[in-house]
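Chain by chain, the residues run as shown.
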Amino acid sequence: MAGLWGGRFTKNTDDEVFAFNESFSFDHRLFDKDIEGSIAHVKMLAKQAVISDKERDDIIQGLKKIEDDVHSGEIAFLPEYEDVHSFVEAHLIKLIGDAGKKMHTGRSRNDQVALDMKLYVREEIGSIDALLCELQKALLDIIEANTGTYMPGFTHMQKAQPVTVAHHMGAYMEMFIRDRSRLKDIFARMNYCPLGSGALAGTTYPLDREYVAKELDFAGATRNSMDSVSDRDYVIELLSALSVIMMHLSRFSEEIIIWNSNEYRFVELDDAYSTGSSIMPQKKNPDIAELVRGKTGRVYGALMSMLTTMKGIPLAYNKDMQEDKEMTFDAIDTVKDCIHLFTGMIKTISFNKDQMAVSAMKGFTNATDAADYLVKKGVPFRDAHGIIGSLVLYCIDNDKAIEDCALDELKKISDVFDEDIYDAISLKTCVDKRTTKGGPAPDSMNEAIKYYRDHIK
Ligand code: ARG
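Conventions adopted
- Residues numbered from 1 in each chain as written.
- Predicted model: local features only at pLDDT ≥ 70, side-chain atom pairs only at ≥ 80, totals over all residues.
- Heavy atoms only, no water.
- Helix = DSSP H or I, 4+ residues; strand = E, 2+ residues; numbered from the N terminus.
- Rg over C-alpha atoms; globule rule 2.2 N^0.38 Å.
- Buried < 20%, exposed > 50% of the residue type's maximum accessible area, 1.4 Å probe, protein only.
- Contact = heavy atoms within 4.5 Å.
- Areas by Shrake-Rupley, 256 points an atom, 1.4 Å probe, with all protein chains shown as cover.
- Lys, Arg positive; Asp, Glu negative; His and termini not counted.
- Charge placed at Lys NZ, Arg CZ, Asp CG, Glu CD.
- Polar contact = N/O pair within 3.5 Å; in protein donor to acceptor, adjacent residues only side chain to side chain.
- Near = heavy atom within 4 Å.
- Salt bridge = Lys/Arg side-chain N within 4 Å of Asp/Glu carboxyl O.
- Core = buried A, V, L, I, M, F, W, Y, C linked by side-chain atoms within 4.5 Å.
- 1 Å grid on protein atoms, 1.4 Å probe; cavity = no way out; pocket = protein on both sides within 12 Å on 5 of 7 lines; lining within 4 Å.
- Points joined across faces, edges and corners; volume = space filled by probe spheres on them.
- Nonpolar A, V, L, I, M, F, W, Y, C, P; charged D, E, K, R; others polar.
- Pairing = 2+ DSSP bridges.
- Patch = residues over 30% accessible without salt bridge, like charges linked within 9 Å, V, L, I, M, F, W, Y side chains within 5 Å.
- Phe/Tyr/Trp six-rings, centres within 6.5 Å; stacked < 30°, edge-to-face > 60°.

Some words on the overall build of the protein
A count of helical and extended segments in the protein gives 19 helices and six strands. Compactness check: the protein gives a C-alpha radius of gyration of 31 Å against a globular reference of 23 Å for 457 residues, more than 25% above the reference. With the C-alpha coordinates of the protein rotated into their principal frame, the extents come out at 100 × 50 × 40 Å. Burial statistics for the protein: of 457 residues in total, 49% are counted as buried. Across the protein, the fraction of contacts at a sequence separation of at least 24, relative to all contacts at a separation of at least 6, is 75%. Total accessible area computed for the protein in this model is approximately 22,400 Å², and 52% of it derives from carbon and sulfur atoms. Looking at charge distribution, the protein has the averaged site of its 55 positive side-chain charges lying 3 Å from that of its 74 negative ones.

As structure tokens, this is what we get:
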């Protein structure tokens, strides 16, 4: 098939070449965007008297009919077209004849595909943002209900200091706030319309590019036509933001997997969000969390792939850029599914509060507070650190917690200890006294919760 380029060629494209070259099998996803862009383009052509009003109306009617027919199944995406742009044009000409041949005036597939892809990415940024907002709402419910649910906080996977479930979840809330702000930045930076850049060097037709930009809700038209047809930065930025989202979901998943293990039993996953084993009847596996963690790899892959595709491309458009689509589509689908499923999973998760509190008390998570107790009684911090270190060693040897030691046992290690030590190192004190901004104390968390509520609104 010589298709679109007719005159210059005396032979049809080799079948294998056609199959290798075509993008219709995947860029048909841009169909609605292609129609939307074409309608804006022909409106502008008529306004600028490049085509007549009658031709504009015929073309727009034709495009709308094709859109309806595709949606109703009347027209199928048959593999005989090279890409979505040639598919639409061929059907338009079939439908309305000569006027259809004027649609592509002052336009190239290079600025056309740049536009379609931007329209698509722009819309998907909105959907991903909305999904993240749903996830944040689910998270906020957990946070609000758990400002008093104690759990151990970890460093190096070793119990460190007690925190609350609300505080721990607040950390993920912050990550998703940053994720959404990254999406917003990308949107603002990419929101300029490339149409009217032509193949690379603009056109001699009196196009009104700002008009088209406005019709399509862009902030304006792009400034440099060569950049416009070859810029895929926004795709890379999106894939990078999606990779960070997946990294966050993957860390969260990893924690849920650990908390769901027999050793921890911090959480119980809802039956609807877990799976069993074909052989071991006792199993209840956290497959959703594992898959989210696993799928992070393919989203990173899309980012690496796109960066690599772009790195050697001279100006302006080159066919390499067609490779932007499949991986972007796949990454977007993957991230949307992951956020959605993950949200369902955490909406239905339950926390074993007693188990978490018991765990929070073990492992000398109050050792820092015991040292701080001595400091408040005048012992220099470094000495206090040493004293509590010996106390911990004594406790390990005697298989007990600090608060299990009688006062005379404590006094043998330092006579500064008094009755008030027990209150100073209780789980409640350890958490409730950490009132610094960003800390786990209910007062600090309530400040954060106010912010989260506002943010989600
Ligand atoms: N299918 C192409 C792409 O996705 C459309 C642009 C084709 N332009 C060209 N000069 N062959 O990039």
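Some remarks on the side chain of N110
Its place among the elements puts N110 in helix α6 (residues 109-145). Side-chain polar atoms of N110 contact the backbone oxygen of A199, separated by 3.1 Å. Beyond its immediate chain neighbours, meaning those up to four positions away, N110 contacts G198, A199, V229 and Y317.

Quick look at the site of the ligand
Neighbouring residues of the ligand: S23, D83, H85, R109, N110, V113, Y317, Q322 and K325. Y317 has a polar side-chain atom sitting 2.5 Å from an oxygen atom of the ligand. For the ligand, a nitrogen atom lies 2.7 Å from a polar atom in the side chain of Q322. Within the complex, 87% of the 340 Å² of free accessible area of the ligand lies under protein. The element contributing the most residues to the shell around the ligand is α6, with three residues.

Structural notes on the pattern of salt bridges
In total, this model carries 32 salt bridges according to the counting rule given. R56 is paired through a salt bridge with D53; the nearest N and O atoms lie 3.7 Å apart. With R56 and D53 both in helix α4 (residues 53-72) and three residues apart, this pair spans about one turn of that helix. Of the charged contacts, one joins K457 and D454 as a salt bridge, the two residues approaching to 3.8 Å between their closest N and O atoms.

Some words on the nonpolar core
Grouped burial of nonpolar side chains is what soluble globular proteins tend to show. Counting 105 residues, the largest nonpolar core has L242 and L249 as the members making the most contacts within it. Ranked by residue count, the leading element in this core is α6, at 16 residues. When neighbours within four sequence positions are excluded, L249 is seen to be in contact with L135, F176, V292, C338, I339 and F342. In this structure, L391, I402, C405 and I421 belong to the second largest nonpolar core, which totals 19 residues.

What about empty space enclosed by the protein?
Within this structure, the stated rule accounts for two cavities of 30 Å³ or more. Within this model, the largest cavity holds a volume of roughly 50 Å³. Around the largest cavity, the lining residues are L4, H85, S86, E89, M103, H104, R107, R109 and Q112. Elements represented by at least two residues in the lining of the largest cavity include exactly α5 (84-96) and α6. Residues that form the lining of the largest cavity fall into these classes: two nonpolar, four polar and three charged.

What to know about the environment of S359
Residue placement: S359 occurs in helix α13 (residues 353-361). In this structure S359 comes out as buried when scored by relative accessible area, which is 9%. Once the C-alpha coordinates of S359 and K184 are considered, the two residues, 175 residues apart in sequence, prove to be 40 Å apart.

A short note on unusual backbone geometry
A cis geometry characterises the amide bond from L315 onward to A316, with omega recorded as 0 degrees. You can see A316 is positioned in the loop between α11 (287-311) and α12 (324-347). Residue H156 is not a glycine yet carries a positive backbone phi of 55 degrees. Tracing the backbone shows H156 in the loop between β1 (150-155) and β2 (158-164). Given a relative accessible area of 74%, H156 falls into the exposed group. The phi torsion at F364 lies on the positive side, around 55 degrees, for a residue other than glycine. Position of F364 relative to the elements: it lies in the loop between α13 and α14 (367-376).

Observations concerning the pairing of β2
Where β1 and β2 come together, six bridges link them in antiparallel fashion. Bridge pairing in β2 places T155 opposite Q158. The loop that links β1 with its antiparallel partner β2 comprises two residues; one of these, H156, has a positive phi angle of about 55 degrees.

Digging into the environment of F20
Structurally, the position occupied by F20 is in helix α1 (residues 15-21). Owing to a relative accessible area of 77%, F20 belongs among the exposed residues under this scheme.

With respect to a nonpolar patch on the surface
A contiguous nonpolar surface patch, about 280 Å² in accessible area, is contributed by L4, W5 and F9. Mapped onto the elements of the fold, W5 is located in the segment before α1.

Concerning the packing of aromatic side chains
Under the defined criterion, the tally for this structure stands at 14 aromatic pairs. Ring geometry for F31 and F87: centres 6.0 Å apart, planes at 70 degrees, overall edge-to-face. Taken as a pair, F31 in helix α3 (residues 31-47) and F87 in helix α5 lie far apart in primary sequence, 56 residues in all. For the pair F31 and F87, a shared accessibility class is recorded, and that class is buried.

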